Amino acid sequence: MTEPPLPRGLRESRAEVVRRLAAAGVASPGADAEQLLAHVLGVSRGSLLTSTLGHQVTLEHQVLSDEQATGLEQLVSRRERREPLQYLLGVAGFRTVQLRVGAGVFVPRPETELLAGWAVEQLSGRPDQVAVDLCTGSGAIAAALAAEAPSAQVYAVELSPRAYEYAVTNLAGTGVDVRLGDIADALTELNGDVDLVVANPPYIPLEAYEEVELEARVHDPAVALWSGTDGLDTIRSVARVAARLLGDGGVVGCEHAEAQGRSAPDVFRAGGWHDVVDHLDLSGRPRFVTARR
Ligand SMILES: C[S@@+](CC[C@H](N)C(=O)[O-])C[C@H]1O[C@@H](n2cnc3c(N)ncnc32)[C@H](O)[C@@H]1O
């Protein structure tokens, strides 16, 4: 059944969108409603909230044009079907960069910004470092490294042709060398010459299927989420590939699931890595492992 057109007046529009998104089970209906309203109005969420649209009008008095109301209706319907907000906006922010995203590519997550920050720290103050982002998806981590550690030579690898297209677009002009293919046999010409390997691979254990939010389960590409029964298949591959790429003393950082706070570090310990350390995210949950070759 089609919903009736949204009422005019931004305050009413916002309230109606919030009600519909909350009913659809969206986790942050208020914030999402404001982002979608701002998007159809062509303004930032900040200026929407401070009511500085156009001529200093208030939320109460501003109305949507017919075209904007139709655009909002289409976006809200898609969000009700739990399409990720970033797919609707077409962009996702990651540290200091903006990335194009849409169907077929994993939306970069805030928790991965910590792993990228760790990687930036490893590169800073050291000129001419070589860094590799395995499983680059939209190119998020590679783009952050290029922006924040500009003297590094950065490479990125992605298996999915669709995601690779996004990475190529997002990394254009950054100097990052992005390759399409399986990490298992990628970049062999760099064997032993790399200083830093970073990866946010697929890692969700199949048994955690029910716990994964609908946005991810239905809309994120399966190849970006799952990796064998225990979720560790690609992490094992990351450990093997990093061992091949890194020179002596080189470091690897790899994101993992909360439940893998012991098992992911054990993959690296079993591979003879040194200084294996697990790191918590801002909520105190195990989030990524680092190790030295
Ligand atoms: C969880 S997503 C992370 C994407 C990106 N690094 C980020 O943090 O937003 C994992 C990515 O790994 C890619 N991938 C999965 N298996 C791969 C493999 N064997 N070789 C290369 N890429 C792979 C998926 O297509 C997906 O884009």
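The rules we used
Residues numbered from 1 in each chain as written. Predicted model: local features only at pLDDT ≥ 70, side-chain atom pairs only at ≥ 80, totals over all residues. Pairing = 2+ DSSP bridges. Helix = DSSP H or I, 4+ residues; strand = E, 2+ residues; numbered from the N terminus. Axes fitted to C-alpha atoms, helices over the stretch in contact; angles between N-to-C directions. Contact = placed C-beta atoms within 7 Å. pLDDT = per-residue confidence, 0-100. Core = buried A, V, L, I, M, F, W, Y, C linked by C-beta atoms within 7 Å. Buried ≥ 20, exposed ≤ 12 C-beta atoms within 10 Å, placed from the backbone. Parallel < 35°, antiparallel > 145°, perpendicular 65-115°, else oblique. Left-handed = near helix turned anticlockwise from the far one by under 90°. Nonpolar A, V, L, I, M, F, W, Y, C, P; charged D, E, K, R; others polar. Domains from an automatic or database assignment. Near = placed C-beta within 6 Å. Expected span 1.5 Å × (residues − 1). Arc of directions from axis to C-beta.

Undergrad: Looking at this model, I keep getting lost on the sheet that holds strand β4 (residues 153-158). Mind explaining?
TA: Paired through backbone hydrogen bonds, the strands of a sheet run either parallel or antiparallel to each other. Read from one edge to the other, the open sheet built from seven strands follows the order β5-β4-β3-β6-β7-β9-β8, with strand pairing classed as mixed. Unpaired on one side and paired on the other, β5 (177-180) and β8 (274-280) mark the two borders of the sheet. The sheet shows a mean angle of 15° between the axes of neighbouring strands, taken without regard to direction. Where strand β3 (residues 130-134) lies against β4, five bridges are found, and the strand directions are parallel. Note that in β4 the partner of L134 across the bridge is V157.

Undergrad: Quick question: what am I supposed to make of the environment of P201 here?
TA: Note that P201 resides in the loop between β6 (194-199) and α9 (214-219). Along the backbone, P201 and L225 are 24 residues apart, and their C-alpha atoms lie at a distance of 7.9 Å. If we skip the residues at most four places from it in the chain, P201 touches L134, C135, S227, T234, I235, V238 and C254.

Undergrad: How should the confidence of the model for the protein chain be read in this particular structure?
TA: Low-pLDDT stretches of the model should not have their predicted coordinates read in fine detail. For the protein chain, the average pLDDT comes to 91, and 93% of its residues sit at 70 or higher. Counted against residues more than four places away or in other chains, residues 1-7, with its pLDDT under 50, gives 12 contacts.

Undergrad: Please clarify how the nonpolar core should be interpreted in this entry.
TA: As a rule of thumb, nonpolar side chains are buried together in soluble globular proteins. In terms of nonpolar packing, the biggest core is built from 69 residues, with A119, A131, L145 and V197 touching the most fellow members. At seven residues, the largest contribution of residues to this core is made by helix α7 (residues 140-148). Setting aside residues no more than four positions away along its own chain, A131 makes contact with A119, L123, L145, A152, V154, D195, L196 and V198. Counting residues in each nonpolar core, the second largest holds 13 residues, with L10, A33, L72 and V76 among its members.

Undergrad: Any chance you could explain the packing of helix α1 (residues 10-23) against helix α2 (residues 29-41) here in plain terms?
TA: Each pair of packed helices can be described by the angle between their axes along with the distance between the axes. At their nearest, the axes of α1 and α2 sit 8 Å apart, and the two run at 130° to each other. Judged by the angle between their axes, α1 and α2 are oblique. Seen from above, α1 lies across α2 with right-handed handedness. In this structure, α1 uses L10, S13, R14, V17, V18, L21 and A22 to contact α2, whose residues at the interface are P29, G30, D32, A33, E34, L36 and L37. Tallied by class, residues from the contact of α1 with α2 come to nine nonpolar, two polar and three charged.

Undergrad: I keep staring at the domain arrangement of the protein chain and nothing clicks. Help me out?
TA: Taken as a whole, the protein chain is organised into domain 1 (10-81) and domain 2 (95-292). Domain 1 and domain 2 are separated by 34 Å when their C-alpha centres are compared.

Undergrad: How should the site of the ligand be read in this particular structure?
TA: In the vicinity of the ligand lie 23 residues, with P108, C135, G137, L159 and N200 positioned nearest. Elements with a minimum of two residues in the shell around the ligand: α7 and β4. Taken together, the residues of the shell around the ligand break down into 14 nonpolar, seven polar and two charged.

Undergrad: Whenever I open this one, the pairing of β6 confuses me. Can you help?
TA: Residues in a regular strand point their side chains to alternate faces of the sheet. Among the six residues that make up β6, six are buried, leaving the element largely enclosed by the rest of the structure. Relative to β6, β3 runs parallel, the two sharing four bridges. Note that in β6 the partner of D133 across the bridge is V198. Bridge count for β6 against strand β7 (residues 246-255) is five bridges, and the pairing is parallel. Within the sheet, the bridge partner assigned to V198 lies in β7 and is G253.

Undergrad: Looking at this structure, I do not really get α1. What am I missing?
TA: For the α-helix, the turn length of 3.6 residues means that residues three or four positions removed from each other point alike. An ideal rise of 1.5 Å per residue puts 20 Å on 14 residues; α1 measures up with 20 Å between its terminal C-alpha atoms. Along α1, the positions that sit buried rather than exposed are L10, S13, R14, V17 and L21. Projection of α1 onto a plane perpendicular to its axis shows the buried side chains occupying an angular sector of 95°, all on one side. Counted as exposed and oriented over 90 degrees from the buried face of α1: R19 and A23. Elements that come into contact with the buried residues of α1 comprise α2 and α4 (66-80).

Undergrad: Would you mind going over unusual backbone geometry with me for this structure?
TA: As a rule of thumb, non-glycine residues mostly have phi less than zero, and peptide bonds are mostly trans rather than cis. Non-glycine residue D128 carries a positive phi angle of around 60°. Position of D128 among the secondary structure elements: in the loop between α6 (112-123) and β3. Classification of D128 as exposed rests on a count of 8 C-beta atoms within 10 Å. Notably, L187 is not glycine yet its phi reads approximately 55°, a positive angle. By the secondary structure assignment, L187 is in the loop between β5 and β6.

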